[in-house]
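The lines below spell out each chain.
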Amino acid sequence: MKKLVDAVQTALAAEHATVYGYGVVGGRIDKAQQDEARRAHDSHRARRDSLRREARDLGAEPEAAAAAYALPFAVPDSAAAVRLAAELEDRLAGAYADLVRASEGARRREAAGALREAAVRSARWKGSGVAFPGLTERSGAGGATPSGSPADGGTSGPL
Amino acid sequence: MPLTPSPAAGPPRRSMLAGALSTLGPLGALAALGTTTGCSQDRESADAAHAARTEDRLRQAAAKQSRELLKRYEATLAAHAGLADRLRPLRATTVRHAEALGGKDAARRRGGSGASGEQEKDSNGKGSKDAAAVPGDEKAALAALGEAERRTAEEREAALAGAPPELARLLASLAAAGAVHAYLLGADEQDGEDDDA
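Here is what the cut-offs are and how they apply
- Going along each chain's sequence as written, the residues are numbered from 1 onward.
- Working convention: letters from A go to chains and numbers from 1 go to ligands, in the order in which they are written.
- Reporting in this predicted model follows two pLDDT cut-offs: at least 70 for local features of residues, and 80 or more for side-chain atom pairs to be given and counted; totals over whole chains, interfaces and linings ignore these cut-offs and use all residues.
- Each side-chain value is derived from all of the structure's non-hydrogen atoms; neither hydrogens nor water enter the calculation.
- The helix count covers DSSP runs of H or I at least four residues long, the strand count covers runs of E at least two residues long, and both are numbered beginning at the N terminus.
- Contacts are assigned to residue pairs that have any heavy atoms within 4.5 Å of one another.
- Criterion for a salt bridge: a side-chain nitrogen of Lys or Arg within 4 Å of a carboxyl oxygen of Asp or Glu.
- Buried area: the accessible area, evaluated with a 1.4 Å probe, that two parts lose upon being put together, summed over both parts.
- For this analysis, a polar contact is any N or O atom pair within 3.5 Å, provided that within protein one partner can donate a hydrogen and the other can accept it, and provided that sequence-adjacent residues contribute only side-chain to side-chain pairs.
- Note that Gly is not counted as nonpolar here; it falls among the polar residues with everything else outside the nonpolar set of Ala, Val, Leu, Ile, Met, Phe, Trp, Tyr, Cys and Pro and the charged set of Asp, Glu, Lys and Arg.
- When accessible area is computed with a 1.4 Å probe and restricted to protein chains, residues below 20% of their type maximum are described as buried, those above 50% as exposed, and intermediate ones as partly exposed.
- Stacked, tilted and edge-to-face are the three classes applied to pairs of Phe, Tyr and Trp rings, where Trp contributes its six-membered ring and a pair requires centres within 6.5 Å; stacked means planes under 30 degrees apart, edge-to-face means over 60, and tilted covers the rest.
- Charge-over-ring contacts are defined here by two conditions on Lys NZ or Arg CZ: a distance within 6 Å of the ring centre and an angle within 35 degrees of the ring normal.
- Axis definition: a line fit to C-alpha positions, over the contact stretch in the case of helices; interaxial angles, taken between N-to-C directions, run 0 to 180 degrees.
- The labels follow the angle: roughly parallel below 35 degrees, roughly antiparallel above 145, roughly perpendicular from 65 to 115, and oblique for the rest.
- Residue count minus one, scaled by 1.5 Å, sets the expected span of a helix.
- By nonpolar core is meant a set of buried Ala, Val, Leu, Ile, Met, Phe, Trp, Tyr and Cys residues that side-chain atoms within 4.5 Å join together.
- One confidence number per residue, pLDDT, is output by the predictor and ranges from 0 to 100.

1. Notes on the environment of Ala17(A)
All names here are of chain A. You can see Ala 17 is positioned in helix α1 (residues 2-28). Counting along the chain gives 48 residues from Ala 17 to Ala 65, while the straight-line C-alpha distance between them is 7.3 Å. Not counting the four nearest positions on each side in its chain, Ala 17 is found in contact with Tyr 69, Leu 88 and Leu 159.

And the structure:
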């Protein structure tokens, strides 16, 4: 139970970071890709909202968004924005993989679906995939760097 | 909702308690944990045996799926040399998937010719047969591969519901990887097939 709440909160924190990150992406990405970025942004907001509800359903106070997040690298142009979008999805995939492990039934299915969406979006941005989406321990070279699990949520956190 | 996680799946009791000690605030919760731990040894070991069997079965089924996919990649590569650059990385990933699921068995059959005598039934009942029949047209061959990836990913997403936690996490990752392969092969996944159960 405790583990489930933690995993929901971690996924929620990751969605907060992702929503923030897509705000940055949207401001930098080329016009041609803006629609796709906006769709991703919307879908992450929806996921965030449903995780908030889940946290409440489990009796927890939903993890709040940080006021700001440290970007993993500078995002001066559209190419960097695309890289950031892929990075956001890769990190998120890790949180959902852990949520799959911690949950059961419908919640687990939902988390698996969110993991799949994150992996496919990442591949759309990058043009390639990783062998084990969300499994940081298997990512090896070229995979997403392990996130610094911002579960403690200060006013500013790493993405 | 019980305070203890399902016995077969949880970490060793000691580490769970230690974890609870370090993170769980109220002492009341800890005490409640203590009372539920000692009294159900028999049921726990029965559950553990059952969970182990389930895990084994799911793992083997998933490993078999990966080998089926691998055979499709081999056959497609053999029929379409022009697709080699595109398919090789996906095939390599599929080998890693089979290894993650099956260990030595997967490695042994990796050559692609193994297991030819055995009729591996997949849920569609026609796995081996169309693995052999690669469309003559490159585009159609890619589409067929992508379709096989997509179908396998869906089956894995369905299977993970009954899997123990760690295997469920692996299957979810493999399903996501399969959806990515389908996308990269041009058989895009449609949103909306999300929440069917």
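2. A closer look at the pattern of salt bridges
All told, the structure shown has 25 salt bridges over all chains when counted by the stated rule. Salt-bridge contacts for Glu74(B) lead to Arg91(B); the nearest nitrogen and oxygen are separated by 2.9 Å. On the criterion of sequence distance, the pair formed by Glu74(B) in helix α3 (residues 41-79) and Arg91(B) in helix α4 (residues 84-102) is long-range, its members being 17 residues apart. Put simply, Arg47(A), Glu89(A), Glu110(A), Glu117(A) and Arg121(A) are held in one network by salt bridges that share partners.

3. Focus: the interface of chain B and chain A
Residue-level contacts link 35 residues of chain B with 32 residues of chain A. Here chain B meets chain A over a buried area of about 2,900 Å², counting both sides, of which 57% is carbon and sulfur. Interface area lost by chain B to chain A is led by Glu157(B), Arg169(B) and Tyr183(B), which between them contribute 21%. Remark: the boundary between chain B and chain A carries ten residue pairs in polar contact (both at pLDDT 80 or more). Counting residues per element, the ones that place at least two in the side of chain B that touches chain A are α4 and α8 (165-184) of chain B. For the side of chain B that touches chain A, the element with the highest residue contribution is α8(B), accounting for 14 residues. Of the residues belonging to the side of chain B that touches chain A, the class tally is 22 nonpolar, five polar and eight charged.

4. Comments concerning the environment of Ala143(B)
Residue and element names in this part refer to chain B. Within the fold, Ala 143 resides in helix α7 (residues 138-159). You can call Ala 143 partly exposed: its relative accessible area is 39%. In the structure, Ala 143 is positioned 43 residues away from Gly 186 in sequence and 6.5 Å away in space, judged by C-alpha atoms.

5. Some words on the side chain of Thr94(B)
All names here are of chain B. Within the secondary structure layout, Thr 94 lies in helix α4. On the basis of relative accessible area, Thr 94 is assigned to the buried category, the value being 2%. Of the polar contacts made by the side chain of Thr 94, one reaches the backbone oxygen of Leu 90; its length is 2.8 Å. Excluding residues that lie within four positions of it along the chain, Thr 94 makes contacts with Ser 66, Leu 69, Leu 70, Tyr 73, Glu 149 and His 181.

6. Remarks on the packing of aromatic side chains
All names here are of chain A. The final tally for this structure, using the stated rule, is one aromatic pair over all chains. With a centroid separation of 5.1 Å and an interplanar angle of 50°, the aromatic rings of Tyr 20 and Tyr 69 are classed as tilted. Separated by 49 residues along the polypeptide, Tyr 20 in helix α1 and Tyr 69 in strand β1 (residues 68-70) bring together distant segments of the chain. When its relative accessible area of 31% is taken as the criterion, Tyr 20 is described as partly exposed. On the basis of relative accessibility, which here comes to 9%, the residue Tyr 69 falls in the buried class. Over the aromatic face of Phe 73 sits the side chain of Arg 83, whose NZ or CZ is 5.2 Å from the ring centroid. Over the ring of Phe 132 we find Arg 138, and its NZ or CZ is 5.0 Å from the ring centre.

7. A look at the side chain of Thr18(A)
Residue and element names in this part refer to chain A. With respect to the helices and strands, the residue Thr 18 is situated in helix α1. For Thr 18, a relative accessible area of 2% translates into the label buried. For Thr 18, the residues in contact, after removing those within four places along its chain, are His 44, Leu 88 and Leu 92.

8. So, the packing of α1(A) against helix α3 (residues 78-102) of chain A
All names here are of chain A. Here α1 crosses α3 at 170°, and the two axes come no closer than 9 Å. The angle between α1 and α3 places the two elements in the roughly antiparallel class. Across the contact of α1 with α3, the residue classes tally to 18 nonpolar, four polar and five charged.

9. Overview of α3(A)
An ideal rise of 1.5 Å per residue puts 36 Å on 25 residues; α3(A) measures up with 36 Å between its terminal C-alpha atoms. In terms of residue burial, α3(A) counts as a mostly covered element, since 20 of its 25 residues are buried.

10. Some words on the nonpolar core
In this structure, Tyr96(A), Leu99(A), Leu87(B) and Leu101(B) are the most contacted members of the largest nonpolar core, which totals 55 residues. Looking at this core, the elements with two or more residues in it are α1, α2 (31-57), α3 and α4 (105-126) of chain A together with α3, α4, α7 and α8 of chain B. Sort the elements by how many residues they give to this core and α8(B) lands first, with ten residues. Membership of the second largest hydrophobic core comes to 19 residues, among which are Tyr22(A), Ala40(A), Ala85(A) and Leu159(A).

11. Focus: the confidence of the model for chain B
Low-pLDDT portions of the prediction should not be read for the details of their coordinates. All names here are of chain B. Of the residues in chain B, 59% have a pLDDT of 70 or more, and the chain-wide mean is 72. Ranking the helices and strands of chain B by mean pLDDT puts α8 first, with 97, and helix α1 (residues 13-23) last, with 37. Within the model, the stretch residues 1-38 combines pLDDT values under 50 with 33 contacts to residues more than four positions away or in other chains. Here residues 188-197 is modelled with pLDDT under 50, and outside its nearest four sequence neighbours on either side it reaches twelve contacts, counting other chains as well. Across the assembled chains, the prediction reports ipTM 0.89 with pTM 0.76.

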